[in-house]
Amino acid sequence: MLLPIKWLKDYVKVDLDTKMIADGLTLSGSHVESIIGLNKGIDNVVVGKILSIEKHPNADKLLVCKVDIGSETLQIVTGATNLKEGDYVPVAKIGAKLPGGIDIQKTNFRGIDSYGMLCSLKELGYEDSVISKEMRDGIFVLDKEYPLGTSIVEILGLDDEVIEFEITPNRPDCLSIIGMARETSATFNIPLEEPEIRINNEVDSIENYLNGIEAPSENCNRYYARVIKDVKIEPSPLWMQIRLMEAGVRPINNIVDITNFVMLEYGEPLHAFDLETVAGRKIIVRQAEEGEKIVTLDGVERELTSADLVIADTEKAIGIAGVMGGFNTEITDSTRYVLLEGANFDSKSIRLTSKRLGLRTEASTRFEKGIDPNLCHLAVDRVCQLIEEINAGVVVKGSMDVYKNPRKEESISLRPSRVRKILGVELSEDEMVEYLNRLDIKSEIEDNIIKSKIPTYRLDIESEIDLVEEIGRLYGFHNIESKPLMGALTRGEKPYDKKIEELAKGILQAMGLNEAMTYSFISPRAYDKIKVTEDSPLRKVIKLLNPLGEDYSVMRTTLLPNMLELLSRNYNRGVEECYVYEIGNIFIPKELPLKELPEERKVLSIGFYGKEDFYFLKEVVNTLLESLGIKDVEYIREENNPSFHPGRTAIVLVDGKNIGILGEIHIDVLENYEMKKRAYVAQIDFHELVKLANLERKYKPLPKYPAVLRDLALVVKEDILVGDIEKIISKHGGGLIENIELFDIYRGDPIPEGMKSVAFSIIFRSHDRTLRDEEINEILEAIIKDLEVTFDAKLRA
């Protein structure tokens, strides 16, 4: 947002230099980007009048001009073709300085001396983007007579400065000169002088020129229109062109320039249609038809969708609402009747259209942030006033207005105690009211409560806290004294479940596993890859409304696909062995479609491939459970889980409750993940681990009596579980068995087919005496006898 200081002073008589104005506005909450000086080094350039123009005797493309600059008449050679006798032009005298470090000297052009230079706008420092097409390639011709010899800096206002602001999205009202004038008025406590809009001469009736307005689209809240007749298209006055160029807008013609001027002044985008090109003399604001095409003012044909809002007549679209007008209704030199549009459109609709078309304009920039619909008639009437003032046309009496949801002033109550508490400043109620009234927020005190009416253009003020902020920024946040933080110190610590999680991670890492983290979103095809049945509850998944892609389109109900993807990725990249774990959430919907948030449960997933086997996986789980103080753990063979090998899988029970599963992955599942090595995975309900964990520790004195170690090697059938054998051994221990450890499983010669050899190391110890061999042998005989009867076990020779 560019704010020319002289234009600002039309509304606020602020007698401060630009730096002080910028500093004050910064302290009251506006973000100043830079201060731009318009005079880029011009010196000794004055107004001159062309007295005569003759052809150069030795050059076909040069002209010799006699130019009166008041104090003298100069002979100047130029190549410009847009000049005529009597024109007033900028003259750079000998010794003059121009932008870019150019110094003007006496020059000889093919035998004719030139005592200066006639200047174009570009040579005076204006950017190409703001120079009108007529002035882009020739000498700048002033619009009327000016005192000869007057500095061009004074005539063009080049002694002015411009403040560039970055306007935040919540303050669209500041995207206007008057909006920033309000801020200046409030900041420096100087009265705001808004233009008094008065039209002195209105003729005929608008019904004779316009057959009506229809706005069936919900994306148009208001459409206000007026008509100008007997239009005379010509360049706008110099003062207006200067204002536009200073604000970064290129002058075009008087009608278009006035609409742009008022848009910059009030922040309300406006558009002018050549009424005679509007079919049916009727305006229809509707959604575009799918594939409908329109050529916009920039000469580009654009294809629209049904999501785009258009201004149309009875036959065709004549403008993309809030973005750019149509080429077919453009104001031209032959225009006689003009339809003026002031409208209010849905900000989201305009933003999406502008983004899709890649067409960002001054209008779309304002509409997409939101605009007060009450500005429509104010801005259009201001255009009519200016057209009348510069005699560019005659205003037709009356207007047509479609206003669906009128915006009215809202009232907000403000507690003074709340202001003092939040700002930390002891302000009186009268001071608060004064600050709010300076911001045009009409406020008064009623029963110790401040009642405020919010202007309709302040779209950002919605609640009490917004008023607190307004008071704070006018008081000056820099004036608020810094104070030390106050509060009671408390000792923080991790929640119990986080302690258990941290402990579990330490145990798993100590056993050689690395932590992994995977996405909570997976592909629905993952359930096919792990061979889950069609009726499995795991397939009751939550589908994402806007997924990153099909591979991340559902919320996971198991961590098994994530673990297998991770192992597969490492295996197929040549990693020889991989040992990982993850503690992550699964998402279980209570019902589908979702009516409430799903249940989130933490699951521990352990996976590896390499040199280790099933028994290492069991050891990891055992060690973890023992370290967490979880006892009475059982492992029961599981043969019905399609993801796991039916003979090398077990469910984990604690006090008879299933808390998870561990085992070797089924070969068919491994093929789905392109793995040729055996892989082992455990899935443990971490939520249950937290509930079962017991971190209390009781210490015993060191044993006084020695331990007795005996090994027991048995030959049993292949399907006999080690855990069942260990139960029988424990049963006959009589409290004297301290530890049972499986240290060998053997298959092969001389063990018969279908049999296996299992070897246990058993430690016996008593806490009150030294054990005798007879006691140990008696226990072992009972164990062996029970194993022979129960499992037909044989001692291995």
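This one's a predicted model, so the numbers in the text were calculated from it and none came from an experiment.

Once that is clear, we can look at the sheet that holds strand S34 (residues 633-637). Pairing within the open sheet is mixed, and its 7 strands lie in the order S28-S32-S33-S37-S36-S35-S34. Each of the sheet's edge strands pairs with one partner strand only, and the pair in question is strand S28 (514-515) and S34. As defined by bridge partners, S28 adjoins strand S32 (residues 578-588) across 2 bridges and the pair is classed as parallel. In the sheet register, Glu 515 faces S32, and the bridge partner there is Tyr 581. Along the sheet, helix H14 (residues 496-510) makes contact with S28, S32 and strand S33 (599-609), crossing S32 at roughly 155 degrees.

So, on to the domain arrangement of the protein chain. When its domains are assigned, the protein chain resolves into domain 1 (11-28 + 166-188), domain 2 (43-155), domain 3 (202-403), domain 4 (410-476), domain 5 (496-692) and domain 6 (708-795). Computed over C-alpha atoms, the centres of domain 1 and domain 2 are 38 Å apart.

What tends to happen in soluble globular proteins is that the nonpolar side chains get buried as a cluster. Counting residues in hydrophobic clusters, the biggest one holds 93 residues, and the most contacted among them are Tyr 223, Ile 283 and Phe 345. Two domains each provide a minimum of three residues to this core, namely domain 1 (11-28 + 166-188) and domain 3 (202-403). Leave out the neighbours within four places in its chain, and Phe 345 touches Asn 219, Cys 220, Val 285, Leu 309, Ile 311, Ala 321, Gly 322, Ile 350 and Phe 367. Counting 42 residues, the second largest nonpolar core, distinct from the first, contains Ala 92, Leu 121, Met 135 and Leu 238.

Bringing the packing of helix H2 (residues 18-27) against helix H5 (residues 177-188) into the picture now. One way to put it is that H2 packs onto H5 with a least axis distance of 10 Å and a crossing angle of 85 degrees. On the basis of their axis angle, the class for H2 and H5 is roughly perpendicular. When H2 is examined against H5, the residues Met 20, Ile 21, Gly 24 and Leu 25 are found in contact with a partner set consisting of Met 180, Glu 183, Thr 184, Thr 187 and Phe 188. Within the contact of H2 with H5, the residues separate by chemical class into 5 nonpolar, 3 polar and 1 charged.

Relative to the helices and strands, Val 32 is located in strand S2 (residues 31-37). As a C-alpha pair, Val 32 and Glu 164 span 132 residues in sequence and 6.1 Å in three-dimensional space. What Val 32 contacts, discounting residues up to four positions off in sequence, is Ala 22, Thr 26, Ile 163, Glu 164 and Phe 165.

Residue Pro 593 is bonded to the preceding Leu 592 through a cis peptide linkage, with omega at -5 degrees. Relative to the helices and strands, Pro 593 is located in the loop between S32 and S33. With a phi angle near 50 degrees, Arg 110 is a residue other than glycine that sits in the positive phi range. Position of Arg 110 among the secondary structure elements: in the loop between strand S8 (107-109) and strand S9 (112-114). Residue classification places Arg 110 among the exposed positions, given a relative accessible area of 58%. Unusually for a residue other than glycine, Asn 391 sits at a positive phi of about 60 degrees. Relative to the assigned elements, Asn 391 resides in the loop between helix H10 (375-389) and strand S23 (394-396).

Once that is clear, we can look at the packing of aromatic side chains. Counting across every chain of the model gives 12 aromatic pairs. Relative to Phe 367, the ring of Phe 345 lies with its centre 5.2 Å away and its plane at 55 degrees, an arrangement referred to as tilted. With Phe 345 in strand S22 (residues 338-345) and Phe 367 in helix H9 (residues 362-367), the pair connects residues that are 22 residues apart, well separated along the chain. An identical accessibility class is assigned to Phe 345 and Phe 367; each is buried. Geometrically, the ring pair formed by Tyr 435 and Tyr 475 is edge-to-face, given 6.5 Å between the ring centres and 75 degrees between the ring planes. With Tyr 435 in helix H12 (residues 429-438) and Tyr 475 in helix H13 (residues 464-475), this residue pair connects regions lying 40 residues apart in the sequence.

About the thresholds
Residues numbered from 1 in each chain as written. Predicted model: local features only at pLDDT ≥ 70, side-chain atom pairs only at ≥ 80, totals over all residues. Heavy atoms only, no water. Pairing = 2+ DSSP bridges. Helix = DSSP H or I, 4+ residues; strand = E, 2+ residues; numbered from the N terminus. Contact = heavy atoms within 4.5 Å. Axes fitted to C-alpha atoms, helices over the stretch in contact; angles between N-to-C directions. Domains from an automatic or database assignment. Core = buried A, V, L, I, M, F, W, Y, C linked by side-chain atoms within 4.5 Å. Buried < 20%, exposed > 50% of the residue type's maximum accessible area, 1.4 Å probe, protein only. Parallel < 35°, antiparallel > 145°, perpendicular 65-115°, else oblique. Nonpolar A, V, L, I, M, F, W, Y, C, P; charged D, E, K, R; others polar. Phe/Tyr/Trp six-rings, centres within 6.5 Å; stacked < 30°, edge-to-face > 60°.

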